[in-house]
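Observations on chain architecture
Chain by chain, the residues run as shown.
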Amino acid sequence: MTDLFSLAHADALDAADPLRGLRDEFLIPKHEGHDQAYFCGNSLGLQPRGARAHVEEVLNKWAMEAVEGHFTGNAQWMPYHELVREPLARVVGALPSEVVAMNTLTVNLHLMMVSFYRPTRERPAILIEAGAFPSDRHAVASQVLFHGFSPDTDLIELEADEPNGTISMAAIARAIAEHGHRLALVLWPGVQYRTGQAFDLKEIARLAHAQGAMCGFDLAHGVGNLQLELHDSNADFAVWCHYKYMNSGPGAVGGCFVHERHASTDKPRFAGWWGHDVSTRFRMGPQFVPTAGADGWQLSNPPILGLAPLRASLELYDRVGMQALRERSRRLTGYLETLINARLGETLQIVTPADPLQRGCQLSLRVIGGRGMTGRSAGRALFEYLQTNGVLGDWREPDVIRISPAPLYNTHNDVLRFAQAVENWRHG
Ligand SMILES: *Cc1c(COP(=O)(O)O)cnc(C)c1O
């Protein structure tokens, strides 16, 4: 029988992996001279080697051509965001006209709610998951208040109904049915950041629309991780960031999706000159005429230096395609799950659903014991032990370690190192 915990086994799995070469496209942080086992791609993805050349290209163009860089040579700045449109549309499963890289996630969420959260006295409410990422909660609560309603009654937060703190589709369906007549918007995550649970987005959009509500998705942890089919999901809008699985650097420019059916919407929006019809933008007239599609929500000319690394990242996604990447991801996370279930069950409890359709690459692991400790103290001690042994996950109070084998650069060897370090800590 194969020893799952043997280095030979992990290395054989890596050697048989058709996508193993992708890791070489990244700069891997070092720990005591060796590659770190880096599992924080859900927080800040690693730097693609190609990023530097794209950033330098912008710096050089600025140095040599200054203002003319907007209109001359390769990768002109005026249409620069067009360079990422098509590959980005492929990553999220959308039409090119439905996506735009702009601003940052929370800004885009507000801009989308300006257009797609139009509360009335009869229908003022927003449904989100309880324990949502704080920025999302701040954004929705402040929008409710901005429109003169009260988060106490009009921000509905659906509590987890499953033992691990995950939410069943039945509970989502019940909540949408129960509050349906009052719902203006359902805002749901593609992958919940704390539990790692992934959701059936198409079904959620269907349920929301059946009640006459709008439906938007926060894909911060979904993009570059799940095989999304945003257009077919029928969502009204979606927003995401590019610094997590999309590996585009700290504070990278975010992304936004607006479904084709709203391409020429007459819904109100907050406008800026970069959303104005491209063909007449530089006539500098006083009337705002939006560009059709997601581009029409742009405000400012984009930060070109911030967009540059995204080009390098998208080249990698295009080389593999989301389907093959997702298959690799399922193998890696499946291996992590197998190792935990085989030998680490006394120390770690997997919070994330076992069904591969209900998760991406991340497993959220509740630390239940070890070294005579329980809960929080054991959790922090294990987290710190892993860190000093070159294995970097991240810590969520009160007792969860998130381990996210990123499909572009993590390996079975990395996963084994995590499992071995946990075993060593328990017996150490
Ligand atoms: C990472 C993350 C954010 C961060 O928002 P920024 O505007 O990019 O700072 C917001 N919401 C969710 C769900 C996230 O995972």
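Residues numbered from 1 in each chain as written. Predicted model: local features only at pLDDT ≥ 70, side-chain atom pairs only at ≥ 80, totals over all residues. Heavy atoms only, no water.

**With respect to the pairing of strand β12 (residues 255-258)**
Every second residue of β12 is oriented toward a common face, with G255 and F257 on one face and C256 and V258 on the other, all of them buried. In terms of strand pairing, strand β6 (residues 99-101) meets β12 through three bridges, oriented antiparallel. Of the residues in β12, the one forming a bridge with A101 is G255. Sheet analysis places strand β11 (residues 237-240) next to β12, joined by four bridges and oriented antiparallel. Across the sheet, residue A238 finds its bridge partner in β12, namely F257. (Buried < 20%, exposed > 50% of the residue type's maximum accessible area, 1.4 Å probe, protein only. Helix = DSSP H or I, 4+ residues; strand = E, 2+ residues; numbered from the N terminus. Pairing = 2+ DSSP bridges.)

**A word on the sheet that holds β12**
Strand pairing in a sheet takes place through backbone hydrogen bonds and is either antiparallel or parallel in direction. Strands sit in the order β6-β12-β11-β10-β9-β7-β8 across an open sheet of seven strands; the sheet is mixed. Sheet topology places β6 and β8 (155-158) at the edges, where each strand pairs with a single neighbour. Neighbouring strand axes in the sheet, compared pairwise and without regard to direction, differ in orientation by 20 degrees on average. Sheet strands touched by helix α3 (residues 82-92): β6 and β11. Its angle to β6, the strand with the most contacts, is close to 120 degrees. (Axes fitted to C-alpha atoms, helices over the stretch in contact; angles between N-to-C directions. Contact = heavy atoms within 4.5 Å.)

**Looking at a nonpolar patch on the surface**
On the surface, L59, W62 and L305 cluster together into a nonpolar patch covering about 300 Å² of accessible area. Within the secondary structure, W62 is located in helix α2 (residues 51-65). (Patch = residues over 30% accessible without salt bridge, like charges linked within 9 Å, V, L, I, M, F, W, Y side chains within 5 Å. Areas by Shrake-Rupley, 256 points an atom, 1.4 Å probe, with all protein chains shown as cover. Salt bridge = Lys/Arg side-chain N within 4 Å of Asp/Glu carboxyl O.)

**Focus: the pattern of salt bridges**
With the rule as written, the count across this model stands at 22 salt bridges. Residue E157 pairs with R137 through a salt bridge whose shortest N-O separation is 2.8 Å. On the criterion of sequence distance, the pair formed by E157 in strand β8 and R137 in helix α5 (residues 134-146) is long-range, its members being 20 residues apart. On the accessibility criterion, E157 (30% relative accessible area) is partly exposed. Given a relative accessible area of 32%, R137 falls into the partly exposed group. Connected through salt bridges with shared partners, the residues R23, K30, D35 and D414 form a single ionic network.

**Considering the UniProt feature "binding site: pyridoxal 5'-phosphate" (unreviewed entry) in the protein**
With numbering aligned to this structure, UniProt lists the feature "binding site: pyridoxal 5'-phosphate" (unreviewed entry) at L105, T106, F133, P134, S135, D136, D218, H221, Y243, W273 and N301. Over a stretch of 197 residues, the named residues are scattered through the fold, their C-alpha atoms separated by up to 31.1 Å. Mapping S135 onto the fold places it in helix α5. Judged by relative accessible area, which is 22%, S135 ranks as partly exposed. (UniProt positions renumbered as here; feature names shortened; annotations may be inferred.)

**As for the pairing of β11**
Here β11 shows a buried face lined by F237 and V239 and a second buried face lined by A238 and W240. By the bridge criterion, three bridges tie strand β10 (residues 214-218) to β11 in an arrangement that is parallel. Looking at the pairing, D218 lines up with V239 of β11.

**Points about the packing of aromatic side chains**
A complete count under the given rule lists eleven aromatic pairs for this structure. With 6.3 Å between their ring centres and 75 degrees between their planes, F39 and F418 make a pair best called edge-to-face. Highlighted residues: F39 in the loop between β4 (37-38) and β5 (47-48) and F418 in helix α13 (residues 412-427), separated in sequence by 379 residues. Assigned by exposure class, F39 and F418 land together as buried. Relative to W274, the ring of W273 has its centre 4.7 Å away and its plane inclined at 70 degrees; by these criteria the two rings are edge-to-face. Connected via pairs of aromatic rings, a cluster forms that spans F26, Y38 and Y409. (Phe/Tyr/Trp six-rings, centres within 6.5 Å; stacked < 30°, edge-to-face > 60°.)

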